[in-house]
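# Chain and residue survey
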Amino acid sequence: MPQRTSKRTNKLSDSQAALDESMMRRALTLALRGQGRVEPNPMVGCVIVRDGKTIGEGHHRRFGGAHAEVEAIRACVRNPHGATAYVTLEPCAHVGKTPPCVEAILSAGIARVVIGVQDPNPKVHGKSIRRLRRRGVRVDVGLCKAEARDVLAPFVTRMLLRRPYVIAKWAQTLDGRLATRTGDSRWISGAASRKRAHRLRARADAVIVGSGTALADDPQLTARGVPIRRTASRGVLDGRLRIGLRSNLVRTAQTKPTIVLTARQRAKSTKAKRLVQEGVVVLPVGSRNGRLSPVSCLRLLARRDTTNVLLEGGATVLNSFFRAGVIDEAWVFTAPVLLGDDRVPQPISSRSPRLMRDAIRPRVLSIQNIDGDTLHRLRFNDPPVSA
């Protein structure tokens, strides 16, 4: 058995600290490979290193499959006894769909475990760390913590806030308009941007629009022309239950999961019963004057194991979710087009600060040119932190 080491061990050498950071960043890269396949589980990556060299690595590949630590141990080209395991999230300590990873680590004789963040799940939180330390394994926690929290943001948001992580996506003109005064928005962005948006749909748990978009565009809300990592539920926020019975969403509800969230009194109507007969899931939500509560909608979806939501609504829905403070991330496609009309929709029109210091300043995750359009990925809410 490895000699027990206190959590207050000697400071790492510069070379060891550099190796640790490099290996954890590799584990984070591996974790992202599970995106769209592992939800509602977290995306996790693991790298096992012995004598300064990687001997095994793995990631959680699919929901219900082996976890990253087990994948990495199985992939080892040398005996992992005495090795260091770098894992982005605290190993599980409970029996779920797979045995606890902490036992696999102990059985492999791994001497040190470096963890990005503790698991917010109360079934795990800190338990694996304590068990490993009791068995003499050195455990270091918090390496690349901010980056690990970013990767784990959907899982952590659902676990701690009891709602899905929300990504808002919209295309706008250079002067921040979503459509012309007649409502025409096809197409603001180019074909390459639209393909990128379909790739985002192809790994989401749910794609949500408002009733206005559903009526005006009669969308399918499916991912097309890209590899499908996950079949998203298609959702409509429809407090007054205006969706057409012959709409694309309703006509295809038997084969593609479709949800309509509506006011409680509307959920008892004859039309709601007709929608259910067509295969639509109708969910009653608290409302005021026909307007649904974004938080209530999201918590209902979270109870259905929805980890992340792609919000593709128009100005009304976007402003509603912004006011509620539940947009975590935004993908904004800006096209080099000008409308110059103050009477047309804007994604954020509910705020009017007097001073620049009061303006919304999201964290910029990335900026990319896509065939003339510009994609800004923005973070509005940092992932919550567990106690």
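An account of the accompanying structure is given in this report. (Residues numbered from 1 in each chain as written. Predicted model: local features only at pLDDT ≥ 70, side-chain atom pairs only at ≥ 80, totals over all residues. Heavy atoms only, no water.)

This part is about the pattern of salt bridges. Following the criterion strictly, the structure yields 20 salt bridges and no others. Close ionic contact of Asp-328 with Arg-163 constitutes a salt bridge, the shortest N to O distance being 2.8 Å. With Asp-328 in the loop between helix H12 (315-324) and strand S14 (329-334) and Arg-163 in the loop between helix H6 (153-161) and strand S6 (165-172), the pair connects residues that are 165 residues apart, well separated along the chain. Accessibility assignment for this pair places Asp-328 and Arg-163 in one class, buried. Measuring nitrogen to oxygen at the nearest pair gives 3.7 Å for the salt bridge that ties Arg-379 to Glu-329. Taken as a pair, Arg-379 in strand S16 (residues 373-379) and Glu-329 in strand S14 lie far apart in primary sequence, 50 residues in all. For the pair Arg-379 and Glu-329, one class covers both residues: buried. In this structure, a network of salt bridges that share partners links the residues Asp-150, Glu-329, Arg-363, Arg-377, Arg-379 and Asp-382. (Salt bridge = Lys/Arg side-chain N within 4 Å of Asp/Glu carboxyl O. Helix = DSSP H or I, 4+ residues; strand = E, 2+ residues; numbered from the N terminus. Buried < 20%, exposed > 50% of the residue type's maximum accessible area, 1.4 Å probe, protein only.)

Now for the sheet that holds S14. In a beta sheet, neighbouring strands pair by backbone hydrogen bonds and run either parallel or antiparallel. One open sheet accounts for 9 strands, arranged S10-S9-S8-S7-S13-S6-S14-S16-S15; its pairing is mixed. The open sheet has two edge strands with one neighbour each: strand S10 (281-285) and strand S15 (363-370). Each strand of the sheet is rotated relative to its neighbour by a mean of 20°, with strand direction disregarded. Sheet topology note: the strand S9 (residues 258-263)/S10 ladder contains 5 bridges and is parallel. Across the sheet, Val-260 pairs through a bridge with Val-282, a residue of S10. (Pairing = 2+ DSSP bridges. Axes fitted to C-alpha atoms, helices over the stretch in contact; angles between N-to-C directions.)

Taken in spatial order, the 5 strands line up as S2-S1-S3-S4-S5 in an open sheet, and their pairing is mixed. The sheet is open, and its two edges are formed by strand S2 (53-59) and strand S5 (138-141), each paired on a single side. For this sheet the average axis-to-axis angle between neighbouring strands, irrespective of direction, equals 15°. Relative to S2, strand S1 (residues 45-50) runs antiparallel, the two being bridged by 6 bridges. From the neighbouring strand, Val-49 faces S2, where its bridge partner is Thr-54. Across the sheet, helix H4 (residues 127-134) is in contact with strand S4 (112-117) and S5; its angle to S5 comes to roughly 150°. (Contact = heavy atoms within 4.5 Å.)

The next thing to look at is the state of the cysteines. Across all of its chains, the model carries 0 disulfides by this definition. In this structure Cys-76 is not part of a disulfide, and its nearest cysteine sulfur, from Cys-46, lies 8.3 Å away. Look at Cys-76 and you get buried, because its relative accessible area is 16%. (Disulfide = S-S within 2.5 Å.)

Taking burial as the measure, the 5 residues of strand S8 (residues 233-237) include 5 buried ones, the bulk of the element. The side-chain alternation of S8 yields two buried faces, one formed by Ser-233, Gly-235 and Leu-237 and the other by Arg-234 and Val-236. Where strand S7 (residues 206-210) lies against S8, 5 bridges are found, and the strand directions are parallel. Across the sheet, residue Gly-210 finds its bridge partner in S8, namely Leu-237. Tracing the backbone out of S7, into helix H8 (residues 211-217) and back to the parallel element S8 gives a crossover that is right-handed. The pairing of S8 with S9 spans 4 bridges and is classified as parallel. Following the sheet pairing, Gly-235 is matched in S9 by Ile-259. (Right-handed = clockwise from strand over helix to strand, strands pointing away.)

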